[in-house]
Structures are given as C-alpha cells and as structure tokens.
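# Coordinate inspection notes
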Amino acid sequence: MADLNPFLDPHWEPLKTVFAGVIERTQPRGMFQVQTYASKYNCSPETSPYIQGRWGEGECEVELASNLMLIPSLSSVEENELEFLGWTKPEVSPREYLENRTGNPNFVRLFGPEFNAVQIAELIISALVIVYGVEDHDYWGFQDRDEADYVDSLGLLVRLKSSAGNPNRVIFGLPERPTDEVPRDRNRNLL
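All values derive from a computational prediction rather than experimental measurement. For every chain, the first residue of the written sequence is number 1, and numbering continues from 1 onward in sequence order. Local features in this predicted model are restricted to residues whose pLDDT is 70 or higher, and side-chain atom pairs enter the listing and the counts only when it is 80 or higher, whereas totals over whole chains, interfaces and linings include all residues. Side-chain calculation: all heavy atoms of the structure are included, whereas hydrogens and water are not.

## Some details on the overall build of the protein
Helix and strand counts for the protein stand at five helices and seven strands. In the protein, the succession of α and β elements from N to C terminus is α-β-β-β-α-α-β-α-β-α-β-β. Here the term buried applies to any residue with accessible area under 20% of the maximum for its type, exposed to any over 50%, and partly exposed to those in between, with areas from a 1.4 Å probe on protein chains only. Within the protein, the fraction of its 191 residues that count as buried is 47%. Using the Shrake-Rupley algorithm and a 1.4 Å probe, accessible areas are obtained, with residue cover drawn only from the displayed protein chains. Entry remark: accessible area of the protein is about 9,300 Å², with carbon and sulfur atoms responsible for 50%. Helical segments are the DSSP runs of H or I of at least four residues, strand segments are the runs of E of at least two, and each set is numbered from the N terminus.

What follows is the structure in structure tokens.
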C-alpha cells in the first residue's frame with residue numbers, strides 16, 4: 001500500500017488504485033498506456049514521461065520513457081536510480097534508435113505472476129515520483145475515451161473538461177485539481 005511506502009504519501013492512493021484497475025482491465029486485451037503531463041516537463045505530452053505495458057504468458061512487461069523523448073533528459077544518476085529500482089536500462093541510445101538500430105529505447109521491467117496489479121501500479125508510480133520528478137499536482141492521460149470512461153467510473157480522479165488538447169476528456173488529476181485544462185506548454189503551446 002502507498003501508506004506503507006516511504007516514498008509515496010497516502011494521497012497517491014487514488015492514482016495507485018486507478019493504475020491497478022487499468023492494469024487488471026487490460027490484461028485480457030494485452031496493452032495499456034498512460035501519458036503524464038508533468039510540470040517538470042512543461043506539461044507537454046511530447047516531453048513528459050509515459051508508461052506502456054503489455055501482457056503475455058502471465059507476465060506484464062512495462063516500459064517507462066527514456067531520453068529519446070524526455071526534456072529535460074534523465075541524468076546518468078537518475079538512470080542508475082531506475083536500475084536500482086529494478087528497471088532495465090534501454091538497449092539502444094536515443095541516437096542509435098533514431099539511426100534505426102534494433103533494440104528497445106525505453107526502460108523496461110518484467111513483472112511475473114508473483115506481482116499483482118496493485119504492486120505493479122505502486123512500483124510504476126514510485127519510479128515516476130522518485131526518479132522522474134512527477135508530482136501530485138501533475139496530470140495523467142489515458143489511452144482512449146473508453147479507458148478514460150472506465151477511469152472516470154471509479155470516481156477517484158478528477159476528469160478535465162473537454163478542450164482543444166483534450167477533446168475526448170482522457171486527462172485526469174488527483175482530487176482537488178483544477179478541471180478546466182492542463183496548463184499549456186509555455187514553449188510550444190501544444191495543448
């Protein structure tokens with residue numbers, strides 16, 4: 001539970017419960033995706049961390065964004081922290097990936113059957129908070145309207161109103177967050 005995790009305050013519990021629900025719900029479908037809109041990364045989906053996971057043969061493989069798209073990039077110390085937390089470093093560098101080299105450019109972690117969805121969710125959120133600097137006032141975008149409707153039905157997060165950058169209302173915040181829209185990327189006005 002988040003209240004037993006020294007790195008996560010209990011107010012992360014709603015997000016952990018939602019992530020666990022999304023992970024469980026998508027197990028038969030095979031894949032889930034979550035995009036952060038983090039203030040450290042100018043609340044931009046083009047530069048903020050994302051999470052993607054896929055199921056296969058009782059295992060869940062989860063990827064966290066690498067320096068291929070993060071601005072600011074993770075430092076070598078932060079990359080080592082991810083490795084310490086159990087994430088495997090990317091197989092190829094951003095440069096190698098852009099040169100069409102084969103290999104995964106993201107951080108990866110395999111969760112076997114000994115992990116349940118709640119544990120997976122907590123380990124994902126822990127990495128995002130500890131290493132990526134995601135904060136409780138940041139926002140979370142789910143992969144499509146169907147997934148967002150499911151998240152909304154749980155009643156644990158606040159769903160943002162429709163806007164040009166959020167036409168399907170897939171973006172959410174922790175309770176007590178403004179619901180108008182995500183703050184615009186100050187540099188590129190993406191949202």
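## Overview of the sheet that holds strand β3 (residues 59-64)
Strand pairing within a sheet occurs via backbone hydrogen bonds; the two strands may be parallel or antiparallel. DSSP-based pairing: two strands are paired if at least 2 bridges between them are found. Taken in spatial order, the seven strands of this open sheet run β4-β3-β2-β1-β5-β7-β6, and their pairing is antiparallel. The sheet is open, and its two edges are formed by β4 (107-111) and β6 (158-159), each paired on a single side. Direction of pairing for strand β5 (residues 139-142) relative to strand β7 (residues 171-173): antiparallel, over a ladder of three bridges. Looking at the pairing, Gly 141 lines up with Ile 171 of β7.

## Considerations on the nonpolar core
Buried Ala, Val, Leu, Ile, Met, Phe, Trp, Tyr and Cys residues form a nonpolar core when they are joined through side-chain atoms within 4.5 Å. If you look at the biggest cluster of nonpolar residues, it comprises 49 residues, and the most contacted ones within it are Phe 19, Leu 64, Ile 124, Tyr 132 and Phe 142. For this core, the element with the highest residue contribution is helix α4 (residues 117-130), accounting for eight residues. Whether two residues touch is decided by their heavy atoms; if any such pair falls within 4.5 Å, the residues are in contact. Phe 142 has contacts with Val 18, Phe 19, Val 22, Gln 33, Val 34, Glu 147, Ala 148, Val 151, Leu 157, Val 170 and Phe 172, leaving out every residue within four places of it along the chain.

## A closer look at the pairing of β4
The side chains of a regular strand alternate between the sheet's two faces. With four of its five residues buried, β4 lies for the most part within the structure. With five bridges joining them, β3 and β4 adopt antiparallel strand pairing. Within β4, the residue paired with Val 62 across the bridge is Arg 109.

## Here we look at the pattern of salt bridges
Should a side-chain nitrogen of Lys or Arg be within 4 Å of a carboxyl oxygen of Asp or Glu, the pair is scored as a salt bridge. This structure, assessed with the given rule, holds 13 salt bridges. For Glu 99, the salt bridge identified is with Arg 95, shortest N-O distance 3.3 Å. By relative accessible area, which is 43% here, Glu 99 ends up partly exposed. Glu 96 is the salt-bridge partner of Arg 101, the closest N and O atoms lying 3.1 Å from each other. Here Arg 101 falls in the partly exposed class, since its relative accessible area comes to 44%. Salt bridges sharing common partners tie together Arg 95, Glu 96, Glu 99 and Arg 101.

## What about the environment of Arg 95?
Structurally, Arg 95 is set in helix α3 (residues 94-98). Arg 95 sits 27 residues away from Leu 68 along the chain, and the two C-alpha atoms are 8.0 Å apart.

## Comments concerning the packing of helix α1 (residues 13-26) against α4
The axes used here are C-alpha line fits, helices contributing only the stretch in contact, and every angle between their N-to-C directions lies in the interval 0 to 180 degrees. One can describe the packing of α1 onto α4 by two numbers: an axis separation of 8 Å at closest approach and a directional angle of 125 degrees. Our classification of the angle between α1 and α4 gives oblique. Of the two elements, α1 crosses α4, and the hand of that crossing is right-handed. For the pair α1 and α4, the contacting residues are Leu 15, Lys 16, Phe 19, Ala 20, Ile 23 and Glu 24 in the first and Ala 117, Val 118, Ile 120, Ala 121, Glu 122, Ile 124 and Ile 125 in the second. Here the nonpolar group is Ala, Val, Leu, Ile, Met, Phe, Trp, Tyr, Cys and Pro; Asp, Glu, Lys and Arg are the charged ones; every other residue, Gly included, is treated as polar. Taken together, the residues that form the contact of α1 with α4 break down as 10 nonpolar, no polar and three charged. The labels follow the angle: roughly parallel below 35 degrees, roughly antiparallel above 145, roughly perpendicular from 65 to 115, and oblique for the rest. A crossing counts as left-handed when the near helix is turned anticlockwise from the far one by less than a right angle, and as right-handed when that turn is clockwise.

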